[in-house]
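If you want the building blocks of each chain, they are given just below.
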Amino acid sequence: MQGSAVQDRVLLDAAAVCGHLVPPGSVYALLAEHRGRLFGDELFEDLFGSGRGRPSVPGEVIAAVMVLQALEGLSDREACRRLQTDVGWKAAAGLALTEAAFHPTVLTLWRNKLRASGRPDRVFDAVRELIAVTGAVAGSARRVLDSTVLDDAVARQDTVTMVTNQIRRVRRLVPELGEVPVRERNLGPAAPVVDWCDPADAERLVSELVDDAVELAAAAADLDLDAAQADAVGLLGLVAGQDVEPAGGPGRWRIARGTAKGRVISVVDPESRHTHKTSHSYRDGYKAHIAAEPDTGLVTAADLTGGDAGDADAAMGLLDGEPAGTTVLADSAYGTGQLRADLVERAMDAVIKPPPLSVAVEGGYSIDADTGEFSGTVACPEGHTVHITPKGNARFGRHCARCPQRDRCTTAENGRVIKIHPHHELLKAARVQARTDRFQHQYRTVRPMAERTIAWIVRRNRRCPYLGTANNRHWLRLRAAAVNLQRLTSLGLHHNGTTWAIT
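Residues numbered from 1 in each chain as written. Predicted model: local features only at pLDDT ≥ 70, side-chain atom pairs only at ≥ 80, totals over all residues. Heavy atoms only, no water.

Taken as a whole and judged by the stated rule, the model has 26 salt bridges. Notably, a salt bridge pairs Glu-322 with Arg-143, separated by 3.0 Å at the nearest N-O pair. Note that Glu-322 is positioned in the loop between helix H11 (315–318) and strand S7 (327–330) and Arg-143 in strand S1 (residues 142–151), a separation of 179 residues in sequence. Each of the two residues, Glu-322 as well as Arg-143, counts as buried. (Salt bridge = Lys/Arg side-chain N within 4 Å of Asp/Glu carboxyl O. Helix = DSSP H or I, 4+ residues; strand = E, 2+ residues; numbered from the N terminus. Buried < 20%, exposed > 50% of the residue type's maximum accessible area, 1.4 Å probe, protein only.)

Shown next, in the form of structure tokens:
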């Protein structure tokens, strides 16, 4: 059953005895005084539906500890150690100076209960409701979108390691597959014996592992598997096929050159992906997406995807619930035609830097110099008009042969060919908008504020603590809630006895 906090202070209550040591205006002081208002019993009552059993740790205590844990980037064991030894933590959680902390597994239990509930991000939602009550972002019609790469909690594995580990796992999870003959010498505790300097020997090992994986997958097709077993067999097929190519004969395989799109990098965390935020920064992990109010830096929405997901793919989800007329600011990673079309449909204004426009000849004509309907025909700068194919191609080859401006258009031997984007007019209008003084002022003075919020999010929290997209998404939103509380205290959050307000 759900436990309730005792409202009467004990003799050695940490806040009463040592409250003067807790920094005023800090998250610790806020939780010490108002954790019951922020995270009351009603917030967690659905987690204990039976009403039977021993009382749990009070929800407001757990919520306070989880917020501080996310704020400081601590493990469960480290968080409970701080709760036992740190005056600020004891005051925030309402504990006595002599009171011991609960066991770290209590945090695990509550996380699992929250994940399995219909409102796994209720702490983040509670803080968002607090922001709405204070009016901290009321009247602001601007939202800045940004993202950052977060490291995963596992190490990248090579192809041989992934296939061998997954073969072992599949045979362990599906006992019937233990009878399928495989090459045991490749599955021992030590690494498989291979001479990587000998291409033939490397090809031999890869071929053996892939063939064993195929045999296991074929045998599993005739079995009645549960969800976990089916997922394991499916993952085996994926990792056995994503990095190899035929080597010129039946049953012969070799490591393929290049990297498959969406490549799984570890069977320990199959949802982690290889990604790079810039051309020089390569990482493995996930991508955190946020929407923030630029004046206060408060996070209004947060999401997490695989590291290889496009920034624009998560953008509209971050704007759910935002009213028409909202101005959306973002960098060129969000400058896709589809996102601009979605914003137009939602009656939102886009102040988004367009991607750079490439030209075939330096200093020559770009697609913006072309005219025409762009739905049926297109005319080049010299006035030659051609029809656009159903696939969106416009070919000027026969006109380029005798055109005096050919050298300014194309270097292609067969003449100019352009690909018409489905949202060409929106993209062209965005490039025109980006050259205006109003756009430059907004983009340069307002959008960079999101970098400040991103810095708060990743400070001491660049690495995701859990496995899987869903688990780390809940963690990110809890982290955003903690950062928002810290920011609200800086803005002068207080309770006047009736309601919340900002100084």
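Now for a nonpolar patch on the surface. Together, Leu-11, Leu-12, Val-17 and Leu-97 make up a nonpolar patch on the protein surface, roughly 360 Å² of accessible area in all. Inspection of the secondary structure assignment puts Leu-12 in the segment before helix H1 (14–18). (Patch = residues over 30% accessible without salt bridge, like charges linked within 9 Å, V, L, I, M, F, W, Y side chains within 5 Å. Areas by Shrake-Rupley, 256 points an atom, 1.4 Å probe, with all protein chains shown as cover.)

A positive phi is found at Ala-347, a non-glycine position, where the angle reads about 60 degrees. Mapped onto the secondary structure, Ala-347 falls in the loop between helix H12 (337–345) and strand S8 (349–352). With a relative accessible area of 44%, Ala-347 lands in the partly exposed category.

An α-helix turns once per 3.6 residues; consequently, residues spaced three or four apart project the same way. Look at helix H10 (residues 227–241): 21 Å from first C-alpha to last across 15 residues, which is about the 21 Å you get at 1.5 Å a residue. Of all the positions in H10, only Gln-229, Ala-232, Val-233, Leu-235, Leu-236, Val-239 and Ala-240 are classed as buried. The buried residues of H10 occupy an angular sector of 160 degrees when projected down its axis, which confines them to one face. Exposed side of H10, more than 90 degrees from the buried face: Ala-227 and Asp-231 are the residues found there. (Expected span 1.5 Å × (residues − 1). Arc of directions from axis to C-beta.)

Looking at the secondary structure, you find Arg-273 in strand S4 (residues 273–278). No salt bridge is formed by the buried Arg-273; the nearest opposite charge belongs to Asp-308, separated by 4.1 Å. In this structure the side chain of Arg-273 is engaged in a polar contact, spanning 3.1 Å, whose partner is the backbone oxygen of Gly-262. Residues within four places of Arg-273 in sequence aside, it is in contact with Gly-262, Arg-263, Val-264, Ile-265, Arg-283, Asp-284, Gly-285, Gly-307 and Asp-308. (Lys, Arg positive; Asp, Glu negative; His and termini not counted. Polar contact = N/O pair within 3.5 Å; in protein donor to acceptor, adjacent residues only side chain to side chain. Contact = heavy atoms within 4.5 Å.)

As a further point, take the nonpolar core. In terms of nonpolar packing, the biggest core is built from 71 residues, with Leu-31, Phe-39, Phe-44 and Phe-102 touching the most fellow members. Not counting residues up to four positions away in its chain, the partners in contact with Leu-31 are Leu-38, Phe-39, Ala-64, Val-67, Leu-68 and Ala-92. Of all hydrophobic cores here, the second largest spans 24 residues; its members include Val-170, Leu-205, Leu-216 and Leu-236. (Core = buried A, V, L, I, M, F, W, Y, C linked by side-chain atoms within 4.5 Å.)

Burial analysis of strand S5 (residues 281–292) places nine of its twelve residues in the buried class, the great majority of the element. Sheet analysis places S1 next to S5, joined by eight bridges and oriented antiparallel. Bridge assignment links Val-144 to a residue of S5, and that residue is Ala-292. Pairing of S5 with strand S6 (residues 299–306) involves seven bridges; the strand directions are antiparallel. Within S6, the position partnered with His-289 by the bridge is Asp-303. In sequence, S5 turns back onto S6 through a hairpin of six residues, with Gly-297 there showing a positive phi of about 80 degrees. (Pairing = 2+ DSSP bridges.)

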